[in-house]
Amino acid sequence: MLDTVDIQRQLTERFGENTLIPQITADGTPTFWVGRDRVLDVLKYLRQDSAPAYRMLYDLTAIDERPRQFRNGQPASDFTVVYHLLSLSPVAEIRIKVALSESDLHTPSATGIWPNANWYEREVWDMFGVTFDGHPNLRRILMPPTWKGHPLRKDHAARATEFEPLHLDPKRQDIEEDALQFKPEDWGMQRESEDNEFMFLNMGPNHPSVHGVFRIALQLDGEEIVGAVPDIGYHHRGAEKMAERQSWHTYIPYTDRIDYLGGVMNELPYVMNVEKVLGIEVPERVKVARVMLSEFFRITSHLMFFGTYVQDIGAMSPIFWMFSDRQKAYDVIEAITGFRMHPAFFRIGGLSMDLPEGWDRLVKEFLDWFPPRLAEYKKAMARNSMLVERSKHIGAYSQDEAIDWGITGPGLRATGFDFDLRRDRPYSGYENFEFEVPTGANGDCLDRLDVRIEEMFQSCRIIEQCMKNMPEGPYKANHPLATPPTKERTMHDIETLIAHFLTVSWGPVVPAMESSTMIEATKGLNSYYSISDKNTMSYRTRIRTPSFAHLQQIPLISQGGLVADLVAIIGSIDFVMADVDR
């Protein structure tokens, strides 16, 4: 983490002391409040001239501050816009906050600095009603165009039972359908050129090649893609809103279902973030077990990507072989956690139970089974002449374009950018493991495939090291706020029984503080930004997912290609719609 004093000195020398108001956070991330009249100047400086330069807009979100009680000396604010910036080399983060009054919810757009600010600002307007002056097309992105209100405001209903019953009469149905009509002029598109008339085609939201309820409106000149408008929001789950009504403990199962192929990988940043605020240091056995299970889910997720990508290109058989391998991995996961895809196995302070007897034998059987088959898949499928022809130099982007659009994970490494958070800023004991970071060269579909294949080999290396070096010791921290406490202690006296009952029912009371924790998830960087108001529930939970950022780049990398190329591009991105819509 960058020294807060150093970056504060740089900003003060450049903009003066009166421009910044520092804020202390539990994660130690440098956090500063800036007036909206200077925010663009500060953001431009941080992107280009500070040391280090925060080249990536990692996240942009907002907070409804109105009913918040414990703000610890922060400036008066009804709504706060939060810019989360990231430097990849060295790894450093910074937050810039802008305070807004409810009567004047305007701030300048950052789309002129980062192109990926487009979707993030649309999301903040959609969820909170904040207007970004100068935004090229500020409209709803997750909710339907006809939606009334802004769902992440505190005064917006959180449950379906709080709404009036839905009556979809013919008149309202016509209104809703008309609102969803694609009008090219709304997106700056022309219906015709000097030479010919363009065709507009809906791809999705039910097309099998869009991998979920995802729609792309295409502007076509024959088979060539002239323009594309991705349309998300069909899968919206309200996971961030749900966090405001679940206890810190009972929210864990919801995290599994964000990237529903990532399993416990989703739980890891959430529980680590809460542990950071509570000051809980988990035992070494817990750290290694978490790493092992996370890498198992990296393999199962990448296998799903590999099989479906090859299927998108035109080969049917491989996906069935890879499902067999996924089942082998899920057999191990189920034996350890009790569940397959959504285990909810991690706890605040540890694991839900210890590793069962014989777990190492199952892991060894998988390691004996899988790597030789993966090597065969690579040779037979990834080097298939048809796949190479459909993938090489298709959907390519540069390192600078990847950073501008917030691309992380295998999508960034495919450009040759050698960055992996597990190595460059280790967490959960990753510094104790030996593994390589695969990279590509061209940033195209083929490189994105190759990087993920090599990552599966590296995950096997990490799992083998976990198996051979699993520490002895407890599976849960001996901390009063570990949730729930170890069950065996509850029968010793009434105090421990009461403590167990309270922590299971309500969970811990988390001090009033803000914190975020980032990990290298299956599809890229994933983080949880949690705000506590000294309660048993989160005041605000922000889930930054890689899939949301990655889909925004589709118009750039598909322009000039063919519709068939777009099928390969979509498959190579490796996204999950619940990871997009949250």
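Coordinates for the structure precede this section.
Residues numbered from 1 in each chain as written. Predicted model: local features only at pLDDT ≥ 70, side-chain atom pairs only at ≥ 80, totals over all residues. Heavy atoms only, no water.

**With respect to the sheet that holds strand 10 (residues 224–231)**
Here comes step 1: Spatially, 8-9-10 is the arrangement adopted by the 3 strands of the open sheet, whose pairing is antiparallel. Edge positions in the sheet fall to strand 8 (199–203) and strand 10, since each has one partner strand and no second. Averaged over all neighbouring strand pairs, the angle between strand axes comes to 20 degrees, with direction disregarded.
Here comes step 2: Here 7 bridges tie strand 9 (residues 215–221) to strand 10, and the two strands are oriented antiparallel to one another. Counterpart to A217 in the pairing with strand 10 is V229.
Here comes step 3: Running at roughly 150 degrees to strand 9, helix 19 (residues 563–573) makes contact with strand 8, strand 9 and strand 10 of the sheet. (Pairing = 2+ DSSP bridges. Helix = DSSP H or I, 4+ residues; strand = E, 2+ residues; numbered from the N terminus. Axes fitted to C-alpha atoms, helices over the stretch in contact; angles between N-to-C directions. Contact = heavy atoms within 4.5 Å.)

**A short note on the side chain of D312**
Here comes step 1: One can find D312 in helix 8 (residues 284–313).
Here comes step 2: This buried residue, D312, is left without a salt bridge; R390 holds the nearest opposite charge, at 8.4 Å.
Here comes step 3: Dropping the residues within four chain positions of it, D312 is found in contact with S209, H211, R390, V567 and G571. (Buried < 20%, exposed > 50% of the residue type's maximum accessible area, 1.4 Å probe, protein only. Lys, Arg positive; Asp, Glu negative; His and termini not counted. Salt bridge = Lys/Arg side-chain N within 4 Å of Asp/Glu carboxyl O.)

**Focus on a negative patch on the surface**
Here comes step 1: Among the surface-exposed residues, D169, D174, E177 and D178 lie close enough to one another that they form a single negatively charged patch.
Here comes step 2: On the accessibility criterion, D174 (49% relative accessible area) is partly exposed. (Patch = residues over 30% accessible without salt bridge, like charges linked within 9 Å, V, L, I, M, F, W, Y side chains within 5 Å. Areas by Shrake-Rupley, 256 points an atom, 1.4 Å probe, with all protein chains shown as cover. Charge placed at Lys NZ, Arg CZ, Asp CG, Glu CD.)

**With respect to helix 8**
Here comes step 1: Compared with the 44 Å implied by 1.5 Å per residue over 30 residues, the 44 Å span of helix 8 between its first and last C-alpha is a close match.
Here comes step 2: Across the 30 residues of helix 8, 28 count as buried, placing the element largely inside the fold.
Here comes step 3: Count one or two residues on from helix 8 and you reach G314, which has phi positive near 135 degrees. (Expected span 1.5 Å × (residues − 1).)

**What to know about the packing of helix 10 (residues 359–382) against helix 15 (residues 445–468)**
Each pair of packed helices can be described by the angle between their axes along with the distance between the axes.
Here comes step 1: Running from N to C, helix 10 and helix 15 point in directions that differ by 160 degrees, and their axes come no closer than 10 Å. With respect to each other, helix 10 and helix 15 are oriented roughly antiparallel. Relative to helix 15, helix 10 is oriented so that their crossing is left-handed. Contacts from W359, D360, V363, K364, L367, F370, P371, L374, A375, K378 and A382 of helix 10 reach helix 15 at L446, L449, D450, I453, E454, M456, F457, C460, I463, E464, C466 and M467. (Parallel < 35°, antiparallel > 145°, perpendicular 65-115°, else oblique. Left-handed = near helix turned anticlockwise from the far one by under 90°.)

**Details of the sheet that holds strand 3 (residues 56–64)**
Here comes step 1: Judged by pairing direction, the sheet is mixed, and its 5 strands sit side by side in the order 1-2-5-4-3 without closing on themselves. Looking at the sheet topology across the chains shown, the edges are occupied by strand 1 (20–23) and strand 3. Ignoring which end each strand starts from, the neighbouring axes of this sheet average 25 degrees apart.
Here comes step 2: Across 10 bridges, strand 4 (residues 79–88) lies against strand 5 (residues 91–100) in antiparallel orientation. Directly across from V81, in strand 5, lies its bridge partner V98.
Here comes step 3: Packing of helix 2 (residues 39–48) onto the sheet brings it into contact with strand 2 (31–34), strand 4 and strand 5, and relative to strand 5 it is tilted by some 175 degrees.
Here comes step 4: Its contacts with the sheet place helix 3 (residues 117–128) against strand 3 and strand 4, and it is angled at close to 10 degrees to strand 3.

**Description of the pattern of salt bridges**
Here comes step 1: Applying the stated criterion across every chain yields a total of 46 salt bridges.
Here comes step 2: The shortest N-O distance in the salt bridge between K154 and E244 comes to 3.2 Å. Linking K154 in the loop between strand 7 (131–133) and helix 4 (170–179) with E244 in the loop between helix 5 (239–242) and helix 6 (252–256), this pair joins segments that are 90 residues apart in sequence.
Here comes step 3: With its nearest N and O atoms 3.1 Å apart, the salt bridge here joins D418 to R423.
Here comes step 4: On the basis of relative accessible area, R423 is assigned to the partly exposed category, the value being 35%.

**As for the pairing of strand 15 (residues 538–544)**
Here comes step 1: Most of strand 15 is tucked away: 7 of the 7 residues are buried.
Here comes step 2: When strand 14 (residues 525–532) meets strand 15, the two strands line up antiparallel, connected through 6 bridges. Opposite I531, over in strand 15, you have R540 as the bridge partner.
Here comes step 3: Two successive antiparallel strands, strand 14 and strand 15, enclose a turn made up of 5 residues, where K534 displays a positive phi of approximately 60 degrees.

**Let's talk about the state of the cysteines**
Here comes step 1: A full pass over the atoms with the stated rule returns 0 disulfides.
Here comes step 2: The closest cysteine sulfur to the non-disulfide-bonded C460 is located on C466, 12 Å from its own sulfur.
Here comes step 3: We classify C460 as buried; its relative accessible area is 7%.
Here comes step 4: Take C466: its relative accessible area is 0%, and that puts it in the buried class. (Disulfide = S-S within 2.5 Å.)

**Let's talk about the packing of aromatic side chains**
Here comes step 1: Counted by the stated rule, this structure contains 17 aromatic pairs.
Here comes step 2: Ring geometry for Y430 and F435: centres 6.3 Å apart, planes at 70 degrees, overall edge-to-face. Per residue, the accessibility class of Y430 equals that of F435, and both read buried.
Here comes step 3: Clustering of aromatic rings is evident, with ring pairs tying together Y251, Y254, Y270 and Y528.
Here comes step 4: The ring of W187 carries R139 above its face, with NZ or CZ at 4.9 Å from the centroid.
Here comes step 5: Between the NZ or CZ atom of K328 and the centre of the ring of W369, over which it lies, the distance is 4.5 Å. (Phe/Tyr/Trp six-rings, centres within 6.5 Å; stacked < 30°, edge-to-face > 60°. Lys NZ or Arg CZ within 6 Å of the ring centre and 35° of its normal.)

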